[in-house]
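# Architecture and fold: a report
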Amino acid sequence: EAGVAQSPRYKIIEKRQSVAFWCNPISGHATLYWYQQILGQGPKLLIQFQNNGVVDDSQLPKDRFSAERLKGVDSTLKIQPAKLEDSAVYLCASSLYGSGYTFGSGTRLTVV
Amino acid sequence: RKEVEQDPGPFNVPEGATVAFNCTYSNSASQSFFWYRQDCRKEPKLLMSVYSSGNEDGRFTAQLNRASQYISLLIRDSKLSDSATYLCVVNDPLGGNTGKLIFGQGTTLQVKP
């Protein structure tokens, strides 16, 4: 079974620039999550989709972060403009209605 | 108070040692509990679920105390390959059955030869 695919693997940008991350979940997984993991901390949920609808985006900094999941499959997470404190690993995960949780390998973002 | 609290360590132990990690969670309504393992620069992976009766998987034993809102992980006969960060994870009861998980900050284990 193919896992959760994420790209790019690494990204370095200057502050105030914009960046986008892509995630392709496991086939058939209805639920998709974006987590932010800052160095030395556990992953923190940014946004959760059920099919193409948002279930929880309470911790998404909506002034600069946006995410979409068109057609209920792939998802993109965008940051515009980036700040230094956005440097982190952005992890995408998917599950089949809450079970079988699987993470992608993440995108490591460095903002300089 | 953090929703899930762990001692970040690091725990430095020799091969063959027994080591225990502890975790507390704040919301008594949480129903699902897990330990995840995260290797350096890798994604978290499920190590084991934690059940009220306690459960064992080889050298790993997980225990849950709902009254104290406390979760533990015991690793016996530590191997070099056990070196990793161990994340305590609970479900967010406010998330219903949507699978929202709350992660602790992780406890780092270094097993030395």
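Up top is the structure.
Notes on the structure follow. (Residues numbered from 1 in each chain as written. Chains lettered and ligands numbered in written order. Predicted model: local features only at pLDDT ≥ 70, side-chain atom pairs only at ≥ 80, totals over all residues. Heavy atoms only, no water.)

### Structural notes on a positive patch on the surface
Applicable threshold: For patch detection, residues must exceed 30% relative accessible area and be free of salt bridges, and they are connected within 9 Å for like charges or within 5 Å for nonpolar side chains (Val, Leu, Ile, Met, Phe, Trp, Tyr). For the area figures, the Shrake-Rupley method with a 1.4 Å probe applies, and any residue is considered shielded solely by the protein chains shown. Criterion for a salt bridge: a side-chain nitrogen of Lys or Arg within 4 Å of a carboxyl oxygen of Asp or Glu. When charges are tallied, Lys and Arg are placed among the positive residues and Asp and Glu among the negative ones, while His and the ends of the chain are skipped. Here the site of a charge means NZ on Lys, CZ on Arg, CG on Asp, or CD on Glu. Where helices and strands are cited, they refer to DSSP runs of H or I of at least four residues and of E of at least two residues respectively, numbered from the N terminus.
Taken together, Arg9 of chain A together with Arg41, Lys42 and Lys45 of chain B make up a surface patch of like positive charges. Within the secondary structure, Lys42 of chain B is located in the loop between β4 (33-38) and β5 (45-50).

### A few points about unusual backbone geometry
Residue and element names in this part refer to chain A. In this model, Ser7 is joined to Pro8 through a cis peptide bond whose omega is -5°. Along the chain, Pro8 turns up in the loop between β1 (5-7) and β2 (10-13). The backbone phi angle of Arg16 is positive, close to 80°, even though this residue is not glycine. For Lys71, which is not a glycine, the phi torsion comes out positive at approximately 65°. By secondary structure assignment, the location of Lys71 is in the loop between β7 (65-68) and β8 (75-79).

### Let's talk about the sheet that holds strand β6 (residues 55-57) of chain B
Residues and elements named next belong to chain B. To be explicit about the condition: Strand pairing is assigned whenever DSSP detects at least two bridges linking the two strands. Here, axes are lines fitted to C-alpha atoms. For helices the fit covers the stretch in contact, and angles between N-to-C directions go from 0 to 180 degrees.
Strand order in this open sheet of five strands is β1-β3-β8-β7-β6, and the pairing throughout is antiparallel. Each edge of the open sheet is held by one strand with a lone partner, namely β1 (4-6) and β6. Strand-to-strand twist across the sheet, computed as the mean angle between neighbouring axes with direction ignored, equals 20°.

### Here we look at the state of the cysteines
Note on terminology: a disulfide is the covalent bond linking the sulfur atoms of two cysteines. Rules: What counts as a disulfide here is a pair of cysteine sulfur atoms lying within 2.5 Å. Type-normalised accessible area, obtained with a 1.4 Å probe on protein chains alone, sets the label of each residue: buried when under 20%, exposed when over 50%, and partly exposed for intermediate values.
On inspection of all chains with the given rule, the structure shows two disulfides over all chains. Between the sulfur atoms of Cys23 of chain A and its disulfide mate Cys92 of chain A the distance is 1.9 Å. As the torsion about the S-S bond is roughly -70°, the Cys23 of chain A-Cys92 of chain A disulfide counts as left-handed. Remark: Cys92 of chain A occurs in strand β9 (residues 88-96) and Cys23 of chain A occurs in strand β3 (residues 19-24); sequence separation between them is 69 residues. A disulfide bridge connects Cys23 of chain B with Cys88 of chain B, and the sulfur atoms are separated by 2.0 Å. Between Cys23 of chain B and Cys88 of chain B the disulfide shows an S-S torsion of about -75°. By sign, it is left-handed. With a gap of 65 residues between them, Cys23 of chain B in strand β3 (residues 19-25) and Cys88 of chain B in strand β9 (residues 84-91) connect regions that are remote in the sequence. Cys88 of chain B sits in the buried class, given a relative accessible area of 0%.

### Section: the side chain of Thr85 of chain B
All names here are of chain B. The criterion, for reference: Polar contacts, as counted here, are pairs of nitrogen or oxygen atoms within 3.5 Å of one another; within protein the pair requires one atom able to donate a hydrogen and one able to accept it, and residues that are adjacent in sequence qualify only if both atoms are side-chain atoms. Contact criterion: two residues are considered in contact whenever any of their non-hydrogen atoms come within 4.5 Å of each other.
Of note, Thr85 is situated in strand β9. Only 3.3 Å separates the side chain of Thr85 from the side chain of Thr108, close enough to count as a polar contact. Non-local contacts of Thr85, meaning those with residues more than four positions away in its chain, are made with Tyr36, Arg37, Gln38, Gly106, Thr107 and Thr108.

### A closer look at the nonpolar core
Threshold: Think of a nonpolar core as a cluster: buried Ala, Val, Leu, Ile, Met, Phe, Trp, Tyr and Cys residues, connected wherever their side-chain atoms sit within 4.5 Å.
Within the largest apolar cluster, 24 residues are counted, with the highest numbers of intra-cluster contacts made by Phe21, Trp35, Ile71, Leu73, Ile75, Tyr86 and Leu109 of chain B. Of all elements in the fold, only β3, β4, β5, β7 (60-65), β8 (70-75), β9 and β11 (107-112) of chain B reach the threshold of two or more residues within this core. Apart from residues lying up to four places away in sequence, Leu109 of chain B is in contact with Phe11, Val13, Val19, Phe21, Ile75, Asp82, Ser83, Ala84 and Tyr86 of chain B. Counting residues in each nonpolar core, the second largest holds 21 residues, with Phe21, Ile47, Phe49 and Ala88 of chain A among its members.

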